[in-house]
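# Inside the fold
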Amino acid sequence: MLFCGPPTPARGLAYRVDAVPRPGGTVAFPLTGRRVSESVPSPALLGKYRWIPSLPHAELLAEMSRHDVLVLPSLHEGFGLVLSEAMSQGLVVITTPHTAGPDLITDGVDGFIVPIRSAEAIEEKLALLARERDRLVAMQAAAARKTAALTWEHYRPGIVQVAREEVEKGGTP
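These numbers were taken from a predicted model, which means no experiment stands behind them. (Residues numbered from 1 in each chain as written. Predicted model: local features only at pLDDT ≥ 70, side-chain atom pairs only at ≥ 80, totals over all residues. Heavy atoms only, no water.)

## Looking at the pairing of strand 4 (residues 69–72)
Residues Val69 and Val71 line one face of strand 4 and the alternating positions Leu70 and Leu72 line the opposite face, and both faces are buried. A crossover connection joins strand 4 to the parallel strand 5 (residues 92–95) through helix 4 (residues 81–88); in handedness this β-α-β unit is right-handed. (Buried < 20%, exposed > 50% of the residue type's maximum accessible area, 1.4 Å probe, protein only. Helix = DSSP H or I, 4+ residues; strand = E, 2+ residues; numbered from the N terminus. Right-handed = clockwise from strand over helix to strand, strands pointing away.)

As structure tokens, then:
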């Protein structure tokens, strides 16, 4: 399981940590992203996990490909490019409706949308994927397939279509 981005309260780090409070065993819980200050997150918290402050993009994608799941339980987020990047590397994404997750993910097919502030929901989805390894593998493949279709070549015609529809309705694109 991977967490990417600034490890801050707004990114829901506490809910990710509470979902799986004890690192160890066969599950790895690295955190990637720069700290926002010397105290956020606390040095004690970072000491419990493998923390990667920053990586060049190619290395971040390689790091992602070594994991099964990205957990991004953000309380609020812009598009969150990290979601599509993780899916492109075959990760099942667990995120909230306060991210681009609802625009990218078909819940239960290629990722999961969980309520904000719910460590229990994150824990439930992680336990499901741990129990049902075939489902994990199928969801990983679905995530990679979905993002393979998210190219500029596919995006441009969609934007043109939306603009045409607005012009035809007499609206402003």
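Further notes follow.
## Side note on helix 7 (residues 133–148)
Here helix 7 is 16 residues long and its end C-alpha atoms lie 23 Å apart, about the 22 Å a rise of 1.5 Å per residue gives. For helix 7, the full list of buried residues reads Leu136, Met139, Gln140, Ala142, Ala143 and Thr147. The arc that holds the buried residues of helix 7, viewed along the axis, is 165°, so those residues lie on one side. Seen from the buried face of helix 7, the exposed residues on the opposite side, beyond 90 degrees, are Asp134, Val137, Arg145 and Ala148. Those residues of helix 7 that are buried lie in contact with strand 4, helix 4, strand 5, strand 6 (111–113) and helix 6 (119–131). (Expected span 1.5 Å × (residues − 1). Arc of directions from axis to C-beta. Contact = heavy atoms within 4.5 Å.)

## A closer look at unusual backbone geometry
Despite not being glycine, Arg117 has its phi angle at roughly 60°, a positive value. Among the structural elements, Arg117 can be located in the loop between strand 6 and helix 6. A relative accessible area of 52% means that Arg117 is categorised as exposed.

## Some words on the pattern of salt bridges
Summed over the entire model, instances satisfying the criterion amount to five salt bridges. Measuring nitrogen to oxygen at the nearest pair gives 2.7 Å for the salt bridge that ties Lys146 to Asp110. Here Lys146, found in helix 7, pairs with Asp110, found in the loop between helix 5 (101–104) and strand 6; they are 36 residues apart in sequence, far enough to count as distant. On the basis of relative accessible area, Lys146 is assigned to the partly exposed category, the value being 24%. With a relative accessible area of 2%, Asp110 lands in the buried category. (Salt bridge = Lys/Arg side-chain N within 4 Å of Asp/Glu carboxyl O.)

## Remarks on the environment of Met1
Looking at the secondary structure, you find Met1 in the segment before strand 1 (3–4). Each C-alpha atom, one on Met1 and one on Leu91, is 9.0 Å from the other, the two residues being 90 residues apart in sequence.

## What to know about the sheet that holds strand 2 (residues 31–32)
Across a sheet, paired strands are connected by hydrogen bonds in the backbone, their directions being either parallel or antiparallel. In spatial order, the strands read 1-2-3; together these three strands make up an open sheet with parallel pairing. At either end of the open sheet lies a strand with only one pairing partner, and these are strand 1 and strand 3 (51–52). Bridging between strand 2 and strand 3 involves two bridges; their strand directions are parallel. Of the residues in strand 3, the one forming a bridge with Thr32 is Ile52. (Pairing = 2+ DSSP bridges.)

## Some details on the sheet that holds strand 6
Here three strands make up an open sheet; going across it, the order is 4-5-6 and the pairing parallel. Whereas interior strands pair on both sides, the edge strands pair on one side only; in this sheet they are strand 4 and strand 6. Ignoring strand direction, the axes of neighbouring strands in this sheet form an average angle of 10°. Of the strand pairs in this sheet, strand 5 and strand 6 are connected by three bridges, and their pairing is parallel. If you follow Val93 over to strand 6, its bridge partner there is Gly111. Against the sheet, helix 4 contacts strand 4 and strand 5, and its axis sits at roughly 170° relative to strand 4. (Axes fitted to C-alpha atoms, helices over the stretch in contact; angles between N-to-C directions.)

## A short note on the nonpolar core
Formed by 17 residues in total, the largest nonpolar core has its most connected members in Cys4, Met64, Leu70, Leu83 and Val93. Among the elements of the structure, helix 3 (57–65), strand 4 and helix 4 are those that each provide at least two residues to this core. Examining the composition of this core, we find that four residues originate from one element, helix 4, more than from any other. When near neighbours in sequence (up to four residues on either side) are disregarded, Val93 contacts Leu70, Leu83, Ala86, Met87, Ile105, Asp110, Gly111 and Phe112. By size, the runner-up hydrophobic cluster in this structure holds 16 residues, among which are Ala19, Phe112, Leu136 and Met139. (Core = buried A, V, L, I, M, F, W, Y, C linked by side-chain atoms within 4.5 Å.)

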